[in-house]
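# Summary of structural features
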Amino acid sequence: MTMDSAPARHTGQGGTGPAGGSAFAPAPHAAARRSATAIHPPRGPRTDQARSAVRPQRVRRRGRVLPLLTTDALAAVLTATTLPAPVAAPVVVALPVLLAALHAHAGLYRPRLAPSALLELPALAGRSAVLWCGAAAVLASVDPARAMGWNLLFTAVCLQVVLACAGRGLVNQLQRRAAVRRPASALVVGPGAGASAVAAALHGRPEFGLRPVGLADTAAATEADSGALPYLATHEDIRRAVIQNSVRHAVFTRPPEADERTASLVRLFHDHGCRLWLADPAGTAKVTGMRLAHPADQLWGYAVQPLLPRPARPLERWAKRGIDSVLALVALIAAAPVMGLCALAVRLWDGPGVIFRQERVGLYGRPFTLLKFRTLRADEHEAATRWTVAGDRGMSPVGSFLRKSSLDELPQLWNVVRGDMSLVGPRPERPFFVAKFSTVHPGYEARHRMPVGITGLAQINGLRGDTSIEDRARFDNHYIDTWSLWQDLWILARTAASFFRFRLGGS
């Protein structure tokens, strides 16, 4: 079974350096150079840096989404009411819901800095045509007497497009005026002249609704790079600026994954509920293959798109949670006899204390208590900070068998039922090592964007036990970036296949 049952090998040294100064004073050149090495590592087995204080509160999208939903629904209802009564009655209820689903799939409710109803017109027209043609086909098949003629169908599509486009234009105009009156604080993240140019565009064009309060870049830079805005060169400076300025937007001037120091800021902004944008003055989005949003958005001529993490999709996340709960309950019931035998063997061979409890780091860096069958006796502090127990002489034959077969992981099904874990996700690690690895391996902190799991993409590729942390973090982040429910089911199938190969004596 390809569930992780031991820590992994790690390499590299974490950099050290003094904490940054004020978040609102430009950092000296020497301090900026020192801050570029790494985030400060823990001074001991403290776990403060491994945890996020609170669950991030995302920027509310109701300001734009709710008016657009209302406008689209009104356009659909008004169009339906203009049709003859026998035709309007069956579609007046279902039409707004189906239209909202089609628009959401097309990204017509995504946040934009420069929304334009006319640029959205082709998408609105295409989906309105699909919706009304589908409604006409259903009506004709159910009751031919209510069939819509071509003229009536064309009129309905055109009327709905006009109403929707006009309504969206009014909403955009009102929100543009509100943005000028009450701009949101923003940080521009990126190196050199590109970040300064984007900040200048935001400062000079208040209709975008973003007020730059600083330039953030953890790479070495000179004081002159920041211009009139504060230059934030360390994570501590950036965190302090986000809190004190109530920053709600972070504008990256190149893809976050282009540099490990820039990528590490994604978690910081995510934890503070900031919305992320990519304004790409250098055109590196095309180099890295990132797809720009359609209809295209712009920031004073710079191509811009929202950076929306795929795991943030609420409906699929709820579906994942539901599947986890059902499958974990079924697995607990089915595995109850096996778990009873395992518990009895541990009790008879190793004495009292069948269940081993250990603090691990889960979603958003929050700690939880992980459950396992005990496979050896260890001091509590040593268990929290010891790297590996492979080949430990204190491990009994029962403990060795449970660990090799991954049967010691079965109590974690209860963690899944409780909501601490998922069936599929990055393997949880102890707080001491989370704080340590986050200073050494790029992207390690980003693993906590997703609920931790019993098995995962790294595990089915053989990255379990004493294997590379860097490789495992890369697989985990790839899983999160490409996550889907089907991928979860595929990983579970691969995990089950590997378990049965073990049970049958295969490799």
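Going by the structure above, here's the rest.
All of these numbers come straight from a predicted model, not from anything done at the bench.

Attention now goes to the side chain of aspartate 217. Relative to the helices and strands, aspartate 217 is located in the loop between β2 (210–216) and β3 (231–232). A relative accessible area of 4% means that aspartate 217 is categorised as buried. With residues near it in sequence (within four places) discarded, aspartate 217 still touches Gly190, Pro191, Tyr231, Leu232 and Ala233.

With that settled, the discussion passes to the pairing of strand β9 (residues 367–373). Counting buried positions along β9 yields 5 of 7 residues, so the element is predominantly enclosed. Where strand β8 (residues 355–361) meets β9, 7 bridges bridge the pair, whose relative direction is antiparallel. Paired with phenylalanine 356 across the two strands is lysine 372, which belongs to β9. Joining the antiparallel neighbours β8 and β9 is a turn of 5 residues, in which tyrosine 364 adopts a positive phi near 60 degrees.

Ordered by their spatial adjacency, 7 strands build an open sheet running β3-β2-β1-β4-β5-β7-β6, and the pairing between neighbours is mixed. Both outer strands of the open sheet, β3 and β6 (297–299), are each paired with one neighbouring strand and no more. In terms of strand pairing, β2 meets β3 through 2 bridges, oriented parallel. If you follow leucine 215 over to β3, its bridge partner there is tyrosine 231. Strands β1 (184–189), β2, β4 (249–252), β5 (275–279), β6 and β7 (302–306) of the sheet are contacted by helix α7 (residues 192–204), whose axis makes an angle of about 160 degrees with β2.

Moving on, we get to unusual backbone geometry. Positive phi, normally seen in glycine, also occurs at serine 246, with a value near 50 degrees. With respect to the helices and strands, the residue serine 246 is situated in the loop between α8 (235–244) and β4. A positive phi angle is found at tryptophan 300, which is not glycine, with a value near 50 degrees. Note on placement: tryptophan 300 falls in the loop between β6 and β7.

If you look at the biggest cluster of nonpolar residues, it comprises 29 residues, and the most contacted ones within it are Phe373, Leu402, Met421 and Tyr479. When residues of this core are traced back to their parent elements, those giving at least two are α11 (314–350), β9, α13 (397–405), α14 (412–418), β10 (422–424), α16 (457–460) and α17 (469–481). Apart from residues no more than four positions distant in its own chain, phenylalanine 373 is found in contact with Met339, Cys342, Ala343, Val354, Ile355, Phe356, Leu402, Leu407, Asp408, Leu410 and Pro411. Counting 18 residues, the second largest nonpolar core, distinct from the first, contains Val213, Ile238, Leu268 and Phe269.

On to the packing of aromatic side chains. Enumeration according to the criterion identifies 4 aromatic pairs in this entry. Taking the centre distance of 6.0 Å and the plane angle of 90 degrees together, the rings of phenylalanine 252 and phenylalanine 269 count as edge-to-face. Of the two residues, phenylalanine 252 is situated in strand β4 and phenylalanine 269 in helix α9 (residues 260–271); the sequence distance between them amounts to 17 residues. Of the two residues, phenylalanine 252 and phenylalanine 269, both sit in the buried class. One aromatic cluster in this structure is built from Phe432, Phe433, Phe437 and Tyr444. Sitting over the ring of tryptophan 300, arginine 205 keeps its end group 3.9 Å from the ring centre. Cation over ring: arginine 447 sits above tyrosine 444, and NZ or CZ is 4.6 Å from the ring centre.

With that out of the way, let us pick up the pattern of salt bridges. For side chains of opposite charge, pairing can occur when their charged atoms come near one another. Taken as a whole and assessed by the stated rule, the structure comprises 14 salt bridges. Each of Asp72, Arg112, Glu120 and Arg168 takes part in salt bridges that share partners, so that together they form one network.

What counts, and where the lines are drawn
- Residues numbered from 1 in each chain as written.
- Predicted model: local features only at pLDDT ≥ 70, side-chain atom pairs only at ≥ 80, totals over all residues.
- Heavy atoms only, no water.
- Helix = DSSP H or I, 4+ residues; strand = E, 2+ residues; numbered from the N terminus.
- Buried < 20%, exposed > 50% of the residue type's maximum accessible area, 1.4 Å probe, protein only.
- Contact = heavy atoms within 4.5 Å.
- Pairing = 2+ DSSP bridges.
- Axes fitted to C-alpha atoms, helices over the stretch in contact; angles between N-to-C directions.
- Core = buried A, V, L, I, M, F, W, Y, C linked by side-chain atoms within 4.5 Å.
- Phe/Tyr/Trp six-rings, centres within 6.5 Å; stacked < 30°, edge-to-face > 60°.
- Lys NZ or Arg CZ within 6 Å of the ring centre and 35° of its normal.
- Salt bridge = Lys/Arg side-chain N within 4 Å of Asp/Glu carboxyl O.

So, to be careful, I would describe these as geometric facts and stop short of saying anything about function.
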